[in-house]
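Single-letter residue listing:
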Amino acid sequence: MDGAMVTPGRTAGLFAGAAVLRLAIFTLLPKLPDLLTGRVEISTPVTSFKRLQEGLFLYNHNVSPYDGGVYHQAPLFLPLFSLLPDFSSLPIFTYLLYTAADLLSALALWKIADSGEAGSSALFTSPRKGKRWSGFIIAALFLFNPFTVATCLGRSTSVFTTCAILHAIAKAVSGAPFGAMIALSFASYLSMYPLLLLPPLILLSYDRQRPERATKSGLKFAATCASVVAGVLAVLFQMSSLVTGSWEFLPSTYGVQLTLSDLTPNVGLWWYFFVEMFDSFRSFFLAVFWLHLASYVGGLTMRIRRQPLVVLTLLMGIFGIFKPYPSISDTSLFLALVPLYRHVFPLMRYTFVIAAVILYASFLGPAFYHLWIYAGSGNANFFYAITLVWGLGQSLLVCDLMFAVLRDEWEVERPEMVGKEIRQI
Amino acid sequence: MGQFLSFLWISIFALLAFSSPALGADYHEQLNLRPLPQSALLASFNFRSNTTVSEFEKGNFRFFPRSLGQILQHAGTRELHLRFSLGRWDAESWGARPWNGAREGGTGVELWAWLEAHADDEADRKWLTLTNALSGLFCASLNFIDGTRTTRPFMSFQPEGDHSTLTNMHLLYGVLPHEVVCTENLTPFLKLLPCKGKAGIASLLDGHKLFDASWQTMAIDVRPICSPGQECVLQIEQTIDMVLDIDRSKRPRDNPIPRSPPADQLPCDTSKPYHSHDTCFPADHTANQDWSLSQIFGKPLKGTCPLTDPAVPPVCLQVPDSRSVFVSEGAFERKNPDQVSRCYEIPPSADFEMALPKPDSSADTTTTAVVAPETPLLYAERSFTGHGQERGGVQTILRNPSPDTDVEFVYMETLPWFMRIYLHTLQARVAGDARTPNSTTDDNKLVRQVYYRPAVDRARGTQLEVRMRVPPASTVFVTYDFEKSILRYTEYPPDANRGFDVAAAVITVINPHHGEGGGEGSGDDAGGKLGRVAAYTLRTTSLLCSLPTPDFSMPYNVIIFTSTAIALAFGGVFNILVRRFVAAHEGPEGGLGVVLGRVKGRLVGLVKKGVEG
């Protein structure tokens, strides 16, 4: 534990405050969660709570939810939510589940922050590492981030993916590689794209192994981790096929993300591009977009080898911009990890611009969507333009954070350059 | 020449009738005219012909149209129903539908058929053959009935004919709500008739009048009919029902634009106390119904079709016996014992004209002018709720007018795939009943059974069949939510902002005196068979659903802008990853200053050379 003194009372107060905020909105403003569920910025075709309810309804009435175009989420959600009391009569249990998922995410984030991995990893120790925020502040920034609260209120199932990813990282930094791999398998099972986090997560787990149980050979360690993920995923798929009675969930959940057959608008760049794409080039550009998304993993992992947590953070930001169905939930996950790098904030160059662009897009996005869909005084280009701005703002943040982290690394070699003007060649 | 031909036809017919007396009634046609309230007239044309199954299979088509027969044989179709419809039946004022709704379709084109096939794939192939062939025959876009517009109804339709076995029969149903029914569909329809449109009641049919009607539906039904002790026959029944607005029809063709009459000729209700030279309360339309055949159809009836069964009167009129009707010479009136209808025997080769004068002004009440319309078993109307192009809802209002009996029916929707419906939001509630819907599990539950096949994007439409009931003298609201999806820009029709047509909902009222399953009945005529499954059929109007549209003019711009955004992000990341950090004063010089310096040096060199040269 570092500087900021955290008493158990304050911890409990933070979590209780976050839980009360969510539950109070759920119960006191019952229309607001439904309104948020309908927002395209929060609910995407692969995370929407309304679609989950439809899938659940079909599942409980013995119609395969995957034999239709509405439900594209993981099959194991169906038995999970069937166990809860009926949403229409007793919604409080669903609210509690979502609130608990958010609190668990915050707990994992707290662990990551307290481990100090962001400031000093196994291979690199930042000279600035003393200047950092405590787990309390970082958890609070996550729990009271409006994007996180809105996602939780909108009951998007990406809440569970976020929770699984954060737990995977928390396990990895606390020296539990198997736990990390199992958590990542769950995240990948729920949303598919977290599978791309596997290489940096293996490196992170490798670096943070407990000395008494350490595997020296990196290849052997990576192979073990990969096989654990494959094994857990195989078990999850097998269970899913038992639950739904067939394998048709595969094309309907992961196939939809791969082929983008549902073009519902969202804050990402894919939907309008593929609405306007010529049919003969559709598969080509789908492949290009996916390759582009995957291409960051290798480059970042190698270049920032000494700080795997940075790679994970940057990838989170990139996924939040470039994955097929992004929502503000992905941004909230990225923004939850960014405060871990409090020590490099002074090295960032465009903080004001980034904040301004993100705020601009956050406020204008819903307004432009309204103009297009409801008022009819704007057209699709309005919303498309704002998603471009949103994407550019986030990519600016990713680039700026990356620049700051790399400059921080460089200044270890050139301590005399602190505070000097530099350039890149 | 025409006379010779008709003589030839008559002699052939006589020969046939003589040689096989059982087949004498192979063809008949009848026109039923029924004045409706509010200046409307229902004209119901019915043409029916039979051919034995053995003759049909040998290819001996007598009255059965060869073109259609060959298509049916080729596509393995055992029973066929085809509908072309336009307009809306105003049940509130016109009452129950003709034929109890069995001979009508929703707006556009509807086709359902029982095909003989061993597997679903084979049925799909035969269905494709059938729709494409019928498309050519009827000049309609039936070939657009593809996988997304085809469903296999589970409860709504039952075969009307007698089939020895139903095991290999596949029912397929397709609907094109956007199809505009017009003259090019009428011409092939008339060509299927033995007398074409040349003689008999079909001579009244004219595209200008038919498609000007307030409501019209053309139906073709082909079904096998078996009666005990006789060979099975294949029956083709062609029906045209139309509701004409009498005022509109009487407007002369050379002056079709409605103009308000001079003030002194306005039909005013003079009994009103405030009636004066400058105030006018419109008189009841019913009181002014006077028309003649040639006024409303544009031409008189050209005799009878010589092939028709002489025992069936060709023209019938349903007005109270108290009204007087004038007919042309040679026609013979026969009043039916029910006091509200009469039929006419007409001379075979002379024009027939009929005129209905205004009812006596002394007794101008509705009861004496027209036969009071029968109350339908159920009223239904369907509409969209919500606003915006993101999501919406469908609301159907079903009203049971009967004071003491339940109405049980199957409500069927076939929706396009881009309307993503949420079945968990389906609710049925009785108007004025505050209880939570669907929560009661007792016998009073409104929804009895739901058959749902969800849509698959770009492959299959939604099929929803709900068996439910409406308690006596009450109104039930059925609602559900849906989401409008955005399509690829090539999937929008040319006028994308007009919206997409959503097919009519089909409501089949189940006959209360009959158990489920449509068991084997003795069935001596089509009406009897129809009655054993569906007591009444009605269709709601079709709906127009507007989807969000992209900007069609800028695919290139979008590709360029998105690619630029991606390039900026990727370029930024790549730039930072691969380049080295140096202090500002270290490393090679670069940037604009260096380039400018070089260019300056070159220029200076050139100038010097020039000066030296």
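Residues numbered from 1 in each chain as written. Chains lettered and ligands numbered in written order. Predicted model: local features only at pLDDT ≥ 70, side-chain atom pairs only at ≥ 80, totals over all residues.

(A) Looking closely at the overall build of chain A. Assigned secondary structure in chain A consists of 18 helices and one strand. Rg of the C-alpha trace for chain A: 21 Å, near the compact-globule value of 22 Å for 425 residues, within the 12% margin. Across its three principal axes, chain A shows a C-alpha extent of roughly 65 × 50 × 50 Å. Counting only contacts in chain A whose residues sit at least 6 apart along the sequence, the fraction spanning at least 24 positions is 74%. (Helix = DSSP H or I, 4+ residues; strand = E, 2+ residues; numbered from the N terminus. Rg over C-alpha atoms; globule rule 2.2 N^0.38 Å. Contact = placed C-beta atoms within 7 Å.)

(B) Summary view of the sheet that holds strand β20 (residues 419-430) of chain B. All names here are of chain B. An order of β17-β18-β23-β20 is seen for the four strands of this open sheet, with the pairing classed as antiparallel. Two strands close off the open sheet at either side, each with one partner strand: β17 (379-385) and β20. Each neighbouring strand pair of the sheet contributes to a mean axis angle of 15°, computed without reference to strand direction. Alignment of β20 against strand β23 (residues 475-484), held across eight bridges, turns out to be antiparallel. Pairing of Val430 across the sheet is with Val476, part of β23. (Pairing = 2+ DSSP bridges. Axes fitted to C-alpha atoms, helices over the stretch in contact; angles between N-to-C directions.)

(C) Up close: the interface of chain B and chain A. Counting residues at the interface gives 48 residues for chain B and 52 residues for chain A. Broken down by secondary-structure element, the contributors of at least two residues to the side of chain B that touches chain A are β20, α12 (555-578) and β28 (581-583) of chain B. Considering every element that reaches the side of chain B that touches chain A, the biggest residue donor is α12(B), with 14 residues. Residues that form the side of chain B that touches chain A fall into these classes: 30 nonpolar, 10 polar and eight charged. When strand β1 (residues 422-424) of chain A meets β28(B), the two strands line up antiparallel, connected through three bridges. Across the sheet, Arg423(A) pairs through a bridge with Val582(B), a residue of β28(B). (Nonpolar A, V, L, I, M, F, W, Y, C, P; charged D, E, K, R; others polar.)

(D) Spotlight on the pairing of strand β22 (residues 462-470) of chain B. Residue and element names in this part refer to chain B. When you tally the buried positions in β22, you get eight out of nine residues, the bulk of the element. Of the pairings in the sheet, the one linking strand β19 (residues 407-415) to β22 comprises nine bridges and is antiparallel in character. Residue pairing across strands places Val410 opposite Arg467, the latter belonging to β22. Two elements, strand β21 (residues 447-453) and β22, share six bridges in a ladder whose sense is antiparallel. Bridge assignment links Gln449 to a residue of β22, and that residue is Arg467. (Buried ≥ 20, exposed ≤ 12 C-beta atoms within 10 Å, placed from the backbone.)

(E) Looking closely at the nonpolar core. In terms of nonpolar packing, the biggest core is built from 261 residues, with Leu109(A) and Leu378(B) touching the most fellow members. Per-element accounting of this core gives the leading share, 15 residues, to helix α18 (residues 380-413) of chain A. Setting aside its immediate chain neighbours within four residues, Leu109(A) contacts Ile138(A), Ala139(A), Phe142(A), Leu166(A) and Ala336(A). (Core = buried A, V, L, I, M, F, W, Y, C linked by C-beta atoms within 7 Å.)

(F) Focus on the sheet that holds strand β16 (residues 354-356) of chain B. A sheet is described by the order of its strands in space; here three strands give the open sequence β9-β16-β12 (chain B), paired in antiparallel fashion. Edge positions in the open sheet fall to β9 (291-292) and β12 (326-327) of chain B, since each of these has one partner strand only.

(G) How the structure looks around unusual backbone geometry. Residues and elements named next belong to chain B. Within the chain, Trp99 stands out as a residue other than glycine whose phi angle is a positive 55°. Mapped onto the fold, Trp99 is located in the loop between α4 (91-94) and β4 (108-116). Phi at Arg458 takes a positive value of approximately 65°, unusual for a residue other than glycine. On the basis of neighbour counts, which here come to 14 C-beta atoms within 10 Å, the residue Arg458 falls in the partly exposed class.

(H) Up close: the environment of Arg103(B). With respect to the helices and strands, Arg103(B) occurs in the loop between α4 and β4. Sequence separation between Arg103(B) and Leu190(B) is 87 residues, and the spatial gap between their C-alpha atoms is 17 Å.

(I) Geometry of the domain arrangement of chain B. Domain boundaries assigned for chain B yield domain 1 (25-254 + 274-369), domain 2 (379-545) and domain 3 (558-612). Here domain 1 of chain B and domain 3 of chain B have C-alpha centroids that lie 80 Å from each other. (Domains from an automatic or database assignment.)

(J) Highlighting the packing of helix α9 (residues 177-191) of chain A against helix α10 (residues 198-207) of chain A. All names here are of chain A. Where α9 contacts α10, the axes come no closer than 10 Å and their chain directions differ by 165°. By the angle between their directions, the pair α9 and α10 is classed as roughly antiparallel. Here α9 runs over α10; the crossing is right-handed. Judged by residue contacts, Pro177, Ala180 and Leu184 of α9 engage Leu198, Leu201 and Ser205 from α10. (Parallel < 35°, antiparallel > 145°, perpendicular 65-115°, else oblique. Left-handed = near helix turned anticlockwise from the far one by under 90°.)

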